[in-house]
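Spelled out from the first residue to the last, the chains are:
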Amino acid sequence: MRVCIPTADAAMTYPVQEITLPIAMYHHILKEDDRLNKYTISPEEFKGDLQYLKEQGYQFILMQDLIDYVYQGVALPEKPVMITFDDGYESFYEYAYPILQEMDAKAVFSIVGKYADLYSQTSDHHVRYSHATWEQMQEMVISGRVEIQNHSYNMHVNENGRHGAKKIPGEDNAHYRQALIDDIGALQQEIFDKLGFYPTVFTYPFGQISPEALPVIKELGFTGALVCRERLNYLTGDPEELYHLNRFNRPHGVSLQSILKKAYKADENKKAKS
């Protein structure tokens, strides 16, 4: 696998404006009320979030826009916002993708390779549990509204003492490095083989992070990483900031509007006290 990695020196060449970036994190979308929970919302809730963002003047960006901002000095919108979906559920294709088209919006779709393979090879599909197929992802990528990113090939599990892509306590650094390369690198290559590009961002399974992972992620060619800290992002153009992008989980029953208002208010209060 050969990946072109932008250099930090290249980023420093371009003057950039400091930006505030909220990133929303979604997982699953279903219509049945009894299945809605912390990680599953309704299509109506998702559409309402996008309507709110558009009414407030936000403009939707993808990770490539952030990378171009840092490494090429390409300006971002005055009020950027990013929509992300983790895990690669087929409900994204069934419900979210049509809403993105209707609302003229974009989203980052982080997939788990093993599930993409499984549901590309079986006829057993139901929106409650199935994951998007490679054919569906190809359609979405061609639309320009969906950016596919790497959520591991098979580390979105808790087994053998490992939680997601986090290091097992007492694990040898060399063994951990190879485990990440074998798993994450495998999905990088498969996405290239199936869709024609290498993802630029690693989305940590469950948001679990080990300090030893970042050098390996950089070695694999990633220029950014999505985490699960629920904070606003304040970006100055430093390439390192792209490896620690915070996101707000959007649960059922709590609108993105209320989540963002609370976050902005908390930061205002913090600044007033400092």
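Residues numbered from 1 in each chain as written. Predicted model: local features only at pLDDT ≥ 70, side-chain atom pairs only at ≥ 80, totals over all residues. Heavy atoms only, no water.

Per an unreviewed UniProt entry, the protein chain is named Polysaccharide deacetylase family protein, and its organism is Youxingia wuxianensis. UniProt annotates the protein chain under Subcellular location (unreviewed entry) with the comment "Secreted". (UniProt positions renumbered as here; feature names shortened; annotations may be inferred.)

Caption draft 1: Looking closely at helix 6 (residues 134-143). Listing the buried residues of helix 6 in full gives Trp134, Gln136, Met137 and Met140. Taken down its axis, helix 6 places every buried residue within 155° of arc, on the same side. Residues of helix 6 that are exposed and point more than 90 degrees away from the buried face comprise Glu135 and Ile142. Elements that come into contact with the buried residues of helix 6 comprise helix 4 (90-103), strand 7 (107-111), helix 5 (113-120), strand 8 (146-150) and helix 7 (173-195). The first or second residue beyond helix 6 is glycine 144, which carries a positive phi of 85°. (Buried < 20%, exposed > 50% of the residue type's maximum accessible area, 1.4 Å probe, protein only. Helix = DSSP H or I, 4+ residues; strand = E, 2+ residues; numbered from the N terminus. Arc of directions from axis to C-beta. Contact = heavy atoms within 4.5 Å.)

Caption draft 2: Structural detail: the packing of helix 4 against helix 6. Where helix 4 meets helix 6, the axes come as close as 10 Å, and the angle between the chain directions of the two elements is 40°. Between helix 4 and helix 6, the crossing angle belongs to the class labelled oblique. In this structure, helix 4 meets helix 6 at a crossing whose hand is left-handed. Where helix 4 approaches helix 6, its residues Glu90, Phe92, Tyr93 and Tyr97 are matched on the opposing element by Gln136, Glu139, Met140 and Ser143. Here the contact of helix 4 with helix 6 is built from residues that sort into four nonpolar, two polar and two charged. (Axes fitted to C-alpha atoms, helices over the stretch in contact; angles between N-to-C directions. Parallel < 35°, antiparallel > 145°, perpendicular 65-115°, else oblique. Left-handed = near helix turned anticlockwise from the far one by under 90°. Nonpolar A, V, L, I, M, F, W, Y, C, P; charged D, E, K, R; others polar.)

Caption draft 3: Representation of the side chain of arginine 250 in the model. By secondary structure assignment, the location of arginine 250 is in the loop between strand 14 (248-249) and helix 9 (256-273). Reaching out from arginine 250, the side chain makes a polar contact with the side chain of glutamate 45 at a distance of 3.4 Å. Here arginine 250 is in contact with Met25, Tyr26, Lys38, Ile41, Glu45, Asp49, Ser255, Leu256 and Ile259, once residues within four sequence places are set aside. (Polar contact = N/O pair within 3.5 Å; in protein donor to acceptor, adjacent residues only side chain to side chain.)

Caption draft 4: Looking closely at the nonpolar core. Phe46, Leu50, Leu53, Ile83, Phe109 and Met137 are the most contacted members of the largest nonpolar core, which has 42 residues in total. If you tally residues by element for this core, the top one is helix 4, at seven residues. Setting aside anything within four residues of it in sequence, one finds methionine 137 in contact with Phe109, Ile111, Ala116, Ala132, Ile148 and Leu195. (Core = buried A, V, L, I, M, F, W, Y, C linked by side-chain atoms within 4.5 Å.)

Caption draft 5: Summary view of the pairing of strand 8. With five of five residues buried, strand 8 lies mostly within the body of the structure. Residues Val146, Ile148 and Asn150 point to one face of strand 8 and Glu147 and Gln149 to the other, with burial holding for every one of them. For strand 7 and strand 8, the ladder comprises five bridges, and the chain directions are parallel. From the neighbouring strand, serine 110 faces strand 8, where its bridge partner is glutamine 149. (Pairing = 2+ DSSP bridges.)

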